[in-house]
Amino acid sequence: MAASLRLKAAILSVLLLAMFLAAWHLATLSKTSAQVVDAEYAKLVGQQASTGQKSAFPTPSDFGAKLLEHVRNPFYDKGPNDKGIGVQLAYSVGRMLLGFLLAALVAVPLGFLIGMSPLGYRALDPFIQILKPISPLAWMPLALFTLKDSDISAIFVIFICSVWPMLINTAFGVASVRRDWLNVAKTLEVRPLRKALTVILPAAAPTILTGMRISIGIAWLVIVAAEMLVGGTGIGYFVWNEWNNLSIVNIMSGILSIGLVGMLLDFLVGRLQKAVTYVE
Amino acid sequence: MSFLQIQDLAKRYPGSTVFEGVNFAMEKGEFVCIIGHSGCGKTTILNVLAGLDAASGGTVIMDNREVAGPSLDRGVVFQGHALMPWLSVSSNIAFAVKSRWPDWNRIQIQVHCQKFIDLVGLTGSEHKKPSQLSGGMKQRVGIARAFAIQPKMLLLDEPFGALDALTRGTIQDELVRICAATHQTVFMITHDVDESILLADRILLMSNGPNACIAEVVENTLPRPRDRHNIHHDPQYYRVRNHLVDFLVNRSKLYQTGEEKRPVHPPAVRPGVEEAAEASAKIINLRH
């Protein structure tokens with residue numbers, strides 16, 4: 001039953017993809033009727049595009065060919081404006097992971113403290129509530145001004161956007177550890193550090209990982225936007241640079257790779273989350 | 001001086017008193033049950049003994065030391081078993097054993113845990129997670145964990161309340177066996193009159209709360225060893241049982257209204273012993 005459902009779903013997915021590709025193909029078919037256009041304009045945009053012989057929007061096969069090219073050689077580096085898509089993704093993932101890990105280093109211990117102290121929870125709550133809804137990109141000018149380095153600013157933006165979900169979830173997870181388990185630790189005279197590591201941490205781990213999963217999703221969304229602003233390297237910069245190059249196929253390759261990497265990141269954290277989840 | 005002494009214990013909240021003037025003592029190796037309706041403060045008394053709750057007044061002295069805060073000297077079996085779901089059966093017990101003997105190596109801990117796993121009849125389930133166990137098995141792990149630290153006193157908070165009658169019976173049998181073997185001092189909360197007669201040496205009867213008190217201490221005159229399967233054939237069984245049920249149904253509410261006097265030191269009663277003596281005297285008279 002479950003297997004047949006999965007098979008049906010897979011067939012349907014393939015069918016939907018095929019329909020989408022077919023629609024795309026039809027929409028970008030070359031039009032045969034010749035058009036007379038202004039000579040200046042033709043010079044500017046290229047003969048083919050100006051006369052309508054071929055749409056400026058790539059066909060699925062154009063895109064496929066470009067994609068294959070990227071897959072075959074993802075890691076070349078021919079100067080600042082021509083790097084392989086793999087290199088650019090590596091820059092983005094590295095930057096994002098650095099910001100994310102820094103955020104985890106701050107958010108998890110701080111969340112622990114807040115979660116264990118009702119006073120701290122209440123005292124910090126207004127700050128968290130105000131800071132949480134701020135778009136991370138709004139921090140960018142302030143970061144550039146104070147940090148004076150575009151790369152560090154991008155990492156800071158990732159840090160600031162991933163810190164809140166992790167902080168809130170850690171605090172919530174720690175605060176809602178079952179009273180019974182804490183009482184067990186109390187009656188066994190377990191020392192505070194051991195209690196934190198062997199009772200509270202495993203009890204709160206699923207909630208903490210949920211926060212991390214949300215954070216890494218947001219961080220991946222934000223890094224693309226931040227790199228468009230900051231420039232230099234990264235997949236966000238790549239997409240923006242290809243817009244300046246008017247290479248729609250490259251923009252589309254960038255978009256697809258962002259999606260794939262985002263999915264992979266979510267999958268990995270999801271596996272980790274599953275590993276620490278317990279059944280009561 | 002008794003092993004455990006509770007003097008003038010009280011728990012008050014602003015505007016209400018749960019219980020006050022609670023006095024009783026326990027000897028080493030004794031099994032004491034406490035019975036009373038919900039809200040009389042049984043669990044609070046147990047939590048004070050465990051060091052998990054603070055009383056508003058009075059003192060608890062165990063083994064010549066005042067009880068202040070939790071201690072490894074008093075093991076607790078919680079009502080809701082309180083096993084850590086991410087740990088296996090043996091790891092749950094090992095967690096307690098490591099707390100009790102931090103210097104032990106892995107093998108010492110493992111051997112000690114296994115002994116108590118075998119004791120409660122969970123051999124073969126060492127590596128199961130609590131979610132894979134039935135309610136009865138979970139409670140056995142809780143009992144094994146409490147016994148494994150070899151505390152001076154064991155506190156059981158209605159440990160079989162959530163179990164079905166059949167499972168409850170088997171675990172009661174096991175508890176009887178383990179207590180007989182270890183001479184453990186036990187203080188236990190129960191709602192089950194039959195359970196208290198099977199297990200306890202003495203049964204504390206609490207009047208209804210608020211303003212509850214210990215009204216009476218019933219001495220369980222049924223001889224040991226007791227067997228769940230034929231204990232009810234002893235004529236004395238129903239004398240004790242009727243006394244307990246009478247108290248819970250009729251008398252437990254009279255202490256609030258003043259129809260029954262609140263005792264400072266609860267009287268010890270031995271229900272049915274005089275009647276039994278009279279009855280046997282009659283039989284002897286008839287024979288003559």
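Up top is the structure.
Residues numbered from 1 in each chain as written. Chains lettered and ligands numbered in written order. Predicted model: local features only at pLDDT ≥ 70, side-chain atom pairs only at ≥ 80, totals over all residues. Heavy atoms only, no water.

Asks: It is not clear to me how empty space enclosed by the protein should be interpreted in this structure. Could you clarify?
Replies: Summary: where empty space remains is shown by rolling a probe the size of a single water molecule over the atoms. This model, assessed by the stated rule, comprises 2 cavities of 30 Å³ or more. If you add up the space inside the largest cavity, you get close to 60 Å³. Looking at the largest cavity, the residues that line it are Val184(A), Thr187(A), Leu188(A), Gly75(B), Val76(B), Phe78(B), Arg145(B), Ala146(B) and Ile149(B). Looking at the lining of the largest cavity residue by residue, the class counts come to 6 nonpolar, 2 polar and 1 charged. In terms of residue count, helix α5 (residues 165–182) of chain B provides more of the lining of the second largest cavity than any other element does, 4 residues in total. Class assignment for the residues of the lining of the second largest cavity results in 5 nonpolar, no polar and 2 charged. (1 Å grid on protein atoms, 1.4 Å probe; cavity = no way out; pocket = protein on both sides within 12 Å on 5 of 7 lines; lining within 4 Å. Points joined across faces, edges and corners; volume = space filled by probe spheres on them. Nonpolar A, V, L, I, M, F, W, Y, C, P; charged D, E, K, R; others polar. Helix = DSSP H or I, 4+ residues; strand = E, 2+ residues; numbered from the N terminus.)

Asks: For this particular structure, what's the right way to read helix α11 (residues 235–244) of chain A?
Replies: An α-helical segment advances 3.6 residues per turn. Residues three or four places apart therefore align on the same side. Residue and element names in this part refer to chain A. Where burial is concerned, most of α11 is hidden: 7 out of the 10 residues are buried. For α11, the complete set of buried residues consists of Ile235, Gly236, Tyr237, Phe238, Val239, Asn241 and Glu242. Buried residues belonging to α11 abut α4 (60–72), α5 (85–116), α10 (192–230) and α12 (248–276). One or two steps after α11, the chain reaches Leu246, where phi turns positive at roughly 55°. (Buried < 20%, exposed > 50% of the residue type's maximum accessible area, 1.4 Å probe, protein only. Contact = heavy atoms within 4.5 Å.)

Asks: It is not clear to me how the layout of surface pockets should be interpreted in this structure. Could you clarify?
Replies: Taken as a whole, the largest pocket encloses approximately 320 Å³ of empty space. In terms of lining, the largest pocket is formed by 17 residues, of which the most central are Ser90(B), Ser91(B), Ala94(B), Lys98(B) and Ile109(B). For the lining of the largest pocket, the elements supplying multiple residues, two or more each, are α10 of chain A together with α2 (89–100) and α3 (106–119) of chain B. Considering each element in turn, the lining of the largest pocket owes the most residues, 6 residues, to α3(B). Considering only residue class, the lining of the largest pocket consists of 7 nonpolar, 6 polar and 4 charged.

Asks: Just checking my understanding: could you explain the packing of α5(A) against helix α6 (residues 118–131) of chain A for this structure?
Replies: Describing two packed helices takes the angle between their axes plus the distance from one axis to the other. All names here are of chain A. Following both chains from N to C, one finds α5 and α6 inclined at 120°, their axes separated by 5 Å at the closest point. Comparing their axes, α6 and α5 come out oblique. Side by side, α5 and α6 meet where Ile114, Gly115 and Met116 of the first sit next to Pro118, Gly120, Tyr121, Leu124 and Ile128 of the second. Taken together, the residues that form the contact of α5 with α6 break down as 6 nonpolar, 2 polar and no charged. (Axes fitted to C-alpha atoms, helices over the stretch in contact; angles between N-to-C directions. Parallel < 35°, antiparallel > 145°, perpendicular 65-115°, else oblique.)

Asks: Would you explain the sheet that holds strand β7 (residues 153–157) of chain B in this entry?
Replies: In a beta sheet, neighbouring strands pair by backbone hydrogen bonds and run either parallel or antiparallel. Residues and elements named next belong to chain B. With respect to topology, 7 strands assemble into an open sheet ordered β6-β7-β8-β3-β9-β10-β11, the strand pairing being mixed. Both edges of this open sheet fall to β6 (74–77) and β11 (268–269), since each of them pairs with a single strand only. The pairing of strand β10 (residues 214–219) with β11 spans 2 bridges and is parallel. Following the sheet pairing, Val217 is matched in β11 by Ala268. (Pairing = 2+ DSSP bridges.)

Asks: Teacher, can you tell me more about the interface of chain A and chain B here?
Replies: How big an interface is tends to be stated in terms of the accessible area lost upon association of its parts. Taken residue by residue, the interface counts 18 residues in chain A and 20 residues in chain B. Here chain A packs against chain B, burying approximately 1700 Å² in sum over the two surfaces, 71% of which is carbon and sulfur. At the junction of chain A and chain B, the tally comes to 0 salt bridges. Looking at the side of chain A that touches chain B, the elements that each hand over two or more residues are α9 (179–187) and α10 of chain A. Considering each element in turn, the side of chain A that touches chain B owes the most residues, 6 residues, to α9(A). (Buried area = accessible area lost by both parts, 1.4 Å probe. Salt bridge = Lys/Arg side-chain N within 4 Å of Asp/Glu carboxyl O.)

Asks: Honestly, the packing of aromatic side chains in this entry has me stumped. Any pointers?
Replies: Each aromatic ring pair is described using two quantities: the centre-to-centre distance and the angle formed by the ring planes. With the rule as written, the count across this model stands at 11 aromatic pairs over all chains. With a centroid separation of 6.1 Å and an interplanar angle of 80°, the aromatic rings of Trp181(A) and Tyr278(A) are classed as edge-to-face. Placement of the pair is Trp181(A) in helix α9 and Tyr278(A) in the segment after α12, with a sequence separation of 97 residues. Across the pair, exposure class does not vary: Trp181(A) and Tyr278(A) are buried alike. Each ring, one from Trp181(A) and one from Trp86(B), has its centre 5.2 Å from the other, and the planes form 85°; the classification is edge-to-face. Of the two residues, Trp181(A) sits in helix α9 while Trp86(B) sits in the loop between β6 and α2, which places them in two different chains. Of the two residues, Trp181(A) and Trp86(B), neither departs from the other in class, the shared state being buried. Site record: aromatic cluster; members linked through ring pairs are Phe20(A), Trp24(A) and Phe63(A). (Phe/Tyr/Trp six-rings, centres within 6.5 Å; stacked < 30°, edge-to-face > 60°.)

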